[in-house]
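# Residue-level structure breakdown
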Amino acid sequence: MLRDDTRLQRAQDLALRMRQLETSSGKTAGGDLKVTSTGIPALDKLMPSGGIRSGTLIEWLSPATGSGAGTLSILVAAELMRTSGQLVVMDPQRQWYGPALEGMGVDLTRTLFVRPQTRQKVLWATEQALRCAAVKAVVCAFDSLEDKAYRRLQLAAEAGETIGLFLRHQRFYKQPSWAELRLGVKPYVGMKPNVGMKPNVGMKPNVGVKPRIHGAASTAGSAILPGRSWQVHLLYARGHFRAGSVKLQLDEQTGKVSEISDVSRIPGRQANDRAKRS
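A short tour of the structure in this document, coming up. In this text, all values refer to a predicted model and were calculated from it rather than measured experimentally.

## Points about the environment of R119
- Within the secondary structure, R119 is located in helix α5 (residues 119-131).
- Sequence separation between R119 and D143 is 24 residues, and the spatial gap between their C-alpha atoms is 10.0 Å.
- Polar side-chain contacts of R119 include one of 2.8 Å to the side chain of E146.

Below you can see the structure in the form of structure tokens.
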């Protein structure tokens, strides 16, 4: 017997597929939605479409604040809006720090920080932003999402051909989702943290932060990661039976993210190897 959540997920897959067949909006001559690179080649390779399809939702699931999901979502958003379009960042707790986002490639002149004060307003504002054709990407953190509310967000993204980048705690992975891609992000422990690296990159320190507003997940602080290296797992891709993972590292000098392919070259690992040989 199938579990109820499995049945619901399959029903959602079927409903989304039917929706795609019924509309040609935002599609190329081949019938596929436009695919945009994340700006991170190794991450593109992990995705079945070779990038992110327009009009879709992406979930970044992480175990805790500081796991890197926020940093990666902002880097991807910066690439999506690089040539045109607006970025909308839902920031009810006023945690995102504009100058730090600018340092990650975000054009602040085309970025709107929205600060709803209730869960209902967060959902409404996110839906309106996703539905706006002028918006390239929407970054928002969510706790639990009711199926109907999530479906409305997915339809809004499809209508506006906008990409939603949702930050969520990994405990919500078992909940049915309308996201096209679900990515698990965690710090890559094979690399030592950068000594002297300032915390809270991309977000304001948590000192004096007001109590959490309903609808704004604790994973909103996922941009904080001293080590600046992560492992990303493809947990789910709608319509594809595919899994995989990639290890990524942010170069603090160039701001580029590259794949960690040779563990033996990780800082600290070489010293340990030399010590063992001696």
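## Description of the sheet that holds strand β5 (residues 111-114)
- Taken together, nine strands build an open sheet; the order of strands is β5-β4-β6-β7-β3-β8-β9-β10-β11 and the sheet is mixed. Both outer strands of the open sheet, β5 and β11 (257-259), are each paired with one neighbouring strand and no more. Neighbour-to-neighbour, the strand axes of this sheet turn through a mean angle of 25 degrees, independent of strand direction.
- As paired elements, strand β3 (residues 57-62) and strand β8 (residues 181-187) share four bridges and run parallel to each other. Looking at β8, one finds that L61 is bridged to G184.
- Its contacts with the sheet put helix α3 (residues 69-80) on β3, β4 (86-90), β6 (135-141), β7 (163-169), β8, β9 (229-237), β10 (244-250) and β11, and the angle it makes with β7 is roughly 175 degrees.
- Sitting on the sheet, helix α6 (residues 147-160) is in contact with β3 and β7, with an inclination near 130 degrees to β3.

## Notes on the pattern of salt bridges
- Throughout the structure, instances matching the rule amount to ten salt bridges.
- Between E127 and R131 there is a salt bridge whose closest N-O contact spans 3.3 Å. In this pair, E127 and R131 both sit in helix α5, four residues apart, roughly one turn of the helix.
- With relative accessibility at 38%, the residue R131 sits in the partly exposed group.
- Residue R228 is joined to E252 by a salt bridge in which the shortest nitrogen-to-oxygen separation is 3.2 Å. Highlighted residues: R228 in the loop between β8 and β9 and E252 in the loop between β10 and β11, separated in sequence by 24 residues.
- For R228, a relative accessible area of 2% corresponds to the buried category.

## Notes on the nonpolar core
- In terms of nonpolar packing, the biggest core is built from 40 residues, with W60, L165, V232 and L248 touching the most fellow members.
- Ranked by the residues each element gives to this core, the list is headed by α3, at eight residues.
- In this view, V232 contacts L43, L46, L72, L183, G184, V185, G244, S245, V246 and L248; residues no more than four positions away in its chain are not counted.
- Residues L57, A129, C140 and A157 belong to the second largest nonpolar core, which totals 21 residues.

## Section: α6
- Over its 14 residues, α6 extends 20 Å from the first C-alpha to the last, a length consistent with the 20 Å expected when each residue adds 1.5 Å.
- Along α6, the residues classified as buried are A149, Y150, R151, L153, Q154, A156, A157, E158 and G160.
- Count one or two residues on from α6 and you reach E161, which has phi positive near 55 degrees.

## Quick notes on the environment of P187
- Its place among the elements puts P187 in strand β8.
- You can call P187 partly exposed: its relative accessible area is 33%.
- A C-alpha to C-alpha distance of 9.5 Å links P187 and L248, two positions 61 residues apart in sequence.

Procedures and definitions
- Residues numbered from 1 in each chain as written.
- Predicted model: local features only at pLDDT ≥ 70, side-chain atom pairs only at ≥ 80, totals over all residues.
- Heavy atoms only, no water.
- Helix = DSSP H or I, 4+ residues; strand = E, 2+ residues; numbered from the N terminus.
- Polar contact = N/O pair within 3.5 Å; in protein donor to acceptor, adjacent residues only side chain to side chain.
- Pairing = 2+ DSSP bridges.
- Axes fitted to C-alpha atoms, helices over the stretch in contact; angles between N-to-C directions.
- Contact = heavy atoms within 4.5 Å.
- Salt bridge = Lys/Arg side-chain N within 4 Å of Asp/Glu carboxyl O.
- Buried < 20%, exposed > 50% of the residue type's maximum accessible area, 1.4 Å probe, protein only.
- Core = buried A, V, L, I, M, F, W, Y, C linked by side-chain atoms within 4.5 Å.
- Expected span 1.5 Å × (residues − 1).

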